[in-house]
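These are the residues of each chain, in order.
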Amino acid sequence: MLIRVSEGRLVDTGRPIDAVCCGQHWSTQVCGLMWVEMCWRVDAGLRRSTYVTWVNEFTQDKRFHNWLENARDWAVSRSRFWGTPLPIWISQDGLEKVVIDSIDKLEKLSGVKVTDLHRHHIDHITIPSNRGSAFGVLRRVDDVFDCWFESGSMPYAYIHYPFENVKLFEKNFPGHFVAEGIDQTRGCKGVDVCTWKLVESRVSHVTMVGGIASGVISDDHRRP
């Protein structure tokens, strides 16, 4: 929902709003309106269970680990159209859930041939309930992944692991050299830590033997 600050008017959303946060973007003078919604989360404890050693002490102690110790649960879902669909099918009463981890599994459970994983190609696919026809079918939840999940999935997705290249992955994972902007040592690397643990529970400690964090260039008004 957007409103022009100069007009000062709010367009009717047609829905109840429990909590509102409005932030004005300096370059467009447009105010973004946000409200609280239910979401899917990843437990913050998953991030804290992997210890990352940075060569740069400031990044190690101030930027990363101070944030990691106080990390909240990761709201991993987004209410958008474009994005990687959450692979969760759920019954109408919410008592039956299925998490899909491969195309083969989705085809087997649904009986539908899957050729494209974009949401407009799979949202119509249903899965019969294990409790019988009286309980209807399971449908995919509407949400998509936070795009940072895709960023954190790069070490696996680019070689199609775990479906292919298993030996190549095990030989090179996890990466030991990171070149990253200072602003992403918490965001991007925090997501990496989560996906490391989700995919490989054996990873408990990672040493960044080379951690390069570039600065941020701002204008005269300290705007990036």
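Note that the structure is a prediction, hence the values are computed from the model and not measured.

**Structural notes on the side chain of aspartate 143**
Inspection of the secondary structure puts aspartate 143 in the loop between β11 (137–140) and β12 (144–145). Buried and unpaired, aspartate 143 has arginine 119 as its nearest opposite-charge partner, separated by 6.8 Å. Looking at aspartate 143, its side chain comes within polar contact range of the side chain of serine 79, at 3.4 Å. Excluding anything up to four places from it in sequence, aspartate 143 contacts Trp40, Ser77, Arg78, Ser79, Pro85 and Leu86.

**Remarks on the confidence of the model for the chain**
Low-pLDDT stretches of the model should not have their predicted coordinates read in fine detail. For the chain, per-residue confidence averages 75 on the pLDDT scale, and 64% of positions sit at 70 or higher. Confidence, read as mean pLDDT per element, is least for strand β1 (residues 2–4) in the chain (37) and greatest for strand β10 (residues 126–128) (97). Below a pLDDT of 50 lies the segment residues 1–20, which in the model reaches 34 contacts outside its immediate sequence neighbourhood of four places, other chains included.

**Observations regarding the pattern of salt bridges**
In the structure shown here, the tally under the stated rule is 6 salt bridges. Across the salt bridge formed by aspartate 93 and arginine 131, the nearest N and O atoms sit 3.1 Å from each other. Here arginine 131 lies in the loop between β10 and β11 and aspartate 93 lies in the loop between β8 (88–90) and β9 (97–99), a separation of 38 residues in the sequence. Judged by relative accessible area, aspartate 93 falls into the partly exposed class, the value being 40%. On the basis of relative accessibility, which here comes to 32%, the residue arginine 131 falls in the partly exposed class. Across the pair aspartate 123 and arginine 140 runs a salt bridge whose closest N-O atoms are separated by 2.7 Å.

**Digging into the pairing of β11**
Alternating residues of β11 divide into Leu138 and Arg140, all buried, and Val137 and Arg139, none buried. As paired elements, β8 and β11 share 2 bridges and run antiparallel to each other. Each residue of the ladder has a partner; that of tryptophan 89, found in β11, is arginine 140. Pairing geometry for β10 and β11, over 3 bridges, is antiparallel. Note on β11: the bridge partner recorded for threonine 126 is arginine 139.

Thresholds applied
Residues numbered from 1 in each chain as written. Predicted model: local features only at pLDDT ≥ 70, side-chain atom pairs only at ≥ 80, totals over all residues. Heavy atoms only, no water. Helix = DSSP H or I, 4+ residues; strand = E, 2+ residues; numbered from the N terminus. Buried < 20%, exposed > 50% of the residue type's maximum accessible area, 1.4 Å probe, protein only. Lys, Arg positive; Asp, Glu negative; His and termini not counted. Salt bridge = Lys/Arg side-chain N within 4 Å of Asp/Glu carboxyl O. Polar contact = N/O pair within 3.5 Å; in protein donor to acceptor, adjacent residues only side chain to side chain. Contact = heavy atoms within 4.5 Å. pLDDT = per-residue confidence, 0-100. Pairing = 2+ DSSP bridges.

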